[in-house]
Amino acid sequence: MNSKLIFFILSISILSCKNSEDSMKGRSFGPNDPKQYITILGIAQDGGYPHINNTDEFVGVAQGDISKELVVCLGIVDQKERKKFLIEATPDLPEQLAMLDAIYLNKAPIIDGVFLTHAHIGHYTGLMYFGREAMGSKDIQVFTMPKMKLFLENNGPWSQLVDLQNIVLRPLEHEVSVDLTENIKITPFLVPHRDEFSETVGYRIDGKSKSGLFIPDINKWTLWEKKIVDEVKKVDYAFIDATFFKEGEIPRPMAEVPHPFIQESIELFKNESKEVKSKIIFIHFNHSNPLMDPSNKERIQLEKEGYRFANTNDMFEL
Ligand SMILES: [Zn+2]
Ligand SMILES: [Zn+2]
C-alpha cells in the first residue's frame with residue numbers, strides 16, 4: 001500500500017462519522033457495501049476552515065486543537081459502472097479529487113462530470129485547476145445552468161478553460177433530470193440566493209433505492225416557493241445550508257449574507273418526528289458556526305433529537 005493511501009485511510013478513520021446508520025466509516029470496500037452512494041468531500045462554507053483573517057484558527061489547526069475542513073462538496077460514485085462525479089468545484093478541488101481517487105474509485109478520467117450550483121467562490125473556482133497552469137485537462141464535463149454557463153463563457157479566466165476545451169460546458173435546466181448512470185439521476189432546481197453572477201440551484205439525487213437533496217446555499221426558507229419540510233419528507237437525506245447557527249454570529253450585518261440560521265431551520269421541524277429530523281444533515285458551516293465543533297452542547301442536543309451534521313467521508317447509499 002502506498003503512503004498516500006495510508007494517509008487517506010488514517011484521515012478518514014479520524015474524520016469519519018459517528019452517528020449514522022446510512023453512512024459508513026471510510027475503509028476498504030467489501031462485497032456488501034452499496035454500489036452507488038454519495039460521499040461528503042467537504043463541509044465548510046466558501047471561505048473554508050481555518051478562515052482568512054483568523055490567525056487563531058490557523059494556529060489551532062497547526063497545534064492539532066481543531067481540524068481543518070474542506071469547502072462543501074459531494075462526490076457521487078457508481079462502483080458498478082465505475083463512474084464518479086462531483087457536485088461543486090471548490091477551491092479544495094485537487095484534494096477532493098485525490099480523496100475520490102484514493103478512497104473510492106481509482107480510474108481515468110479523474111472525474112466523469114462536475115455539477116455546479118452557482119458562481120460564489122466556494123462553488124466553482126476550483127475549475128481553475130483544470131486549466132493550463134495546473135492539470136491542463138481535456139474535455140472535463142461541467143454541467144451548469146444557463147446564466148452560470150454564460151458567466152463562464154464570457155469572463156476570464158474561465159473562458160480560457162472553455163476555449164482550450166479543458167472543460168466542456170453541458171447545459172442544465174430547472175427541474176430537468178440528467179442520467180449520471182443507469183442507476184443514478186440528478187435534477188437541478190432553482191433556489192433564491194444572492195445571484196450576482198449566476199442563478200443558484202440545489203440538486204436532487206436519485207439512486208435505485210434512496211434519494212438525497214442538496215441545498216448548500218439559500219436565502220431564508222420563506223423566500224423559496226417550495227416548503228422545506230415537505231421537500232425533506234420526500235427524500236432519505238437532505239444536506240442543507242448550515243452556514244450560521246444564529247443571529248449575531250459574525251461582526252457585520254447578517255442581512256448582507258442571508259441564510260436560514262440553524263435555529264430557524266429547526267424551528268420549522270420542531271413538530272416533526274425524529275425520523276424526519278434525522279433526514280437532515282447540516283452542511284456548509286461558516287467558520288463562525290459553533291456547531292461545527294462535535295463537542296458543542298447545543299449540537300449534541302440536536303443530535304439527540306435526530307438531526308445530523310455532515311462529516312468528511314460520511315457515505316450515504318443511493
Ligand atoms: Zn456557499
Ligand atoms: Zn453562495
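Coordinates for the structure precede this section.
Residue numbering note: each chain is counted from 1, following its sequence as written. Written order decides the labels, with chains lettered from A and ligands numbered from 1. Local features in this predicted model are restricted to residues of pLDDT 70 or higher, and side-chain atom pairs are both shown and tallied only at a pLDDT of 80 or more, whereas totals for entire chains, interfaces and linings draw on every residue. Side-chain measures here rest on the full set of heavy atoms in the structure, leaving out hydrogens and waters.

### Comments concerning the sheet that holds strand 6 (residues 167-171)
Thought 1: Strand pairing is assigned whenever DSSP detects at least two bridges linking the two strands. Labels follow the DSSP assignment, with helices taken as runs of H or I lasting at least four residues and strands as runs of E lasting at least two, numbered in each case from the N terminus. The strand order across the open sheet built from seven strands is 6-5-4-3-2-1-14, with neighbouring strands paired in mixed fashion. Two strands in the sheet have a free side with no partner beyond their single neighbour: strand 6 and strand 14 (315-317). When strand polarity is set aside, the average angle formed by the axes of neighbouring strands in this sheet is 25 degrees.
Thought 2: Examined bridge by bridge, strand 5 (residues 140-144) and strand 6 share five bridges and lie parallel to one another. Across the sheet, the residue bridging to Thr-144 is Pro-171, located in strand 6.
Thought 3: Throughout, a residue-residue contact means that at least one pair of heavy atoms, one from each residue, lies within 4.5 Å. Axes here refer to lines fitted to C-alpha atoms; in helices the fit is confined to the stretch in contact. Angles between the N-to-C directions go from 0 to 180 degrees. The strands that helix 3 (residues 93-104) touches are strand 1 (36-42), strand 2 (73-78), strand 3 (83-87) and strand 14; relative to strand 1, the one it contacts most, it runs at about 140 degrees.

### So, the coordination of the zinc ion (ligand 1)
Thought 1: Protein coordination at the zinc ion (ligand 1): the donors are Asp-46 (OD), His-123 (NE2), Asp-217 (OD) and His-284 (NE2), at 1.9 to 2.2 Å from the metal.
Thought 2: Each metal site is built from N, O and S donor atoms within 2.8 Å (3.2 Å for Na, K and Ca), and since water is not included, such sites may look incomplete. Between the zinc ion (ligand 1) and the zinc ion (ligand 2), the interatomic distance is 3.7 Å. Linking His-123 in helix 4 (residues 121-124) with Asp-217 in the loop between strand 10 (211-215) and helix 7 (228-233), this pair joins segments that are 94 residues apart in sequence. Asp-217 matches His-123 in its accessibility class, with the two residues each being buried. Burial here depends on accessible area, computed with a 1.4 Å probe over protein chains only, as a share of the maximum for the residue type. Under 20% is buried, over 50% is exposed, and the range in between is partly exposed.

### Section: the sheet that holds strand 13 (residues 308-309)
Thought 1: Spatial ordering of the open sheet is given by 7-8-9-10-11-12-13, a layout of seven strands whose pairing is mixed. In this open sheet, the two strands that pair with only one neighbour each are strand 7 (178-179) and strand 13.
Thought 2: Sheet analysis places strand 8 (residues 185-190) next to strand 9 (residues 201-206), joined by six bridges and oriented antiparallel. By the bridge assignment for strand 9, Leu-190 is matched with Val-201.

### As for the coordination of the zinc ion (ligand 2)
Thought 1: Donor atoms from the polypeptide that bind the zinc ion (ligand 2) are His-118 (NE2), His-120 (ND1) and His-193 (NE2), placed at 2.1 to 2.2 Å.
Thought 2: When the donor residues of the zinc ion (ligand 2) are listed from N- to C-terminus, their spacing reads H-x1-H-x72-H.

### Some remarks on unusual backbone geometry
Thought 1: With an omega of 5 degrees, the peptide bond between Tyr-49 and Pro-50 qualifies as cis.
Thought 2: Structurally, Pro-50 is set in the loop between strand 1 and helix 2 (55-62).
Thought 3: Although it is not a glycine, Glu-175 sits at a positive phi angle of roughly 65 degrees.
Thought 4: Relative to the assigned elements, Glu-175 resides in the loop between strand 6 and strand 7.
Thought 5: Residue classification places Glu-175 among the partly exposed residues on the basis of a relative accessible area of 40%.

### Things to note about the environment of Leu-127
Thought 1: For Leu-127, the position within the fold is in the loop between helix 4 and strand 5.
Thought 2: A relative accessible area of 0% means that Leu-127 is categorised as buried.
Thought 3: For Leu-127, the contacting residues outside a window of four places in its chain are Ala-89, Leu-116, Val-142, Leu-152, Trp-158, Leu-161 and Ile-167.

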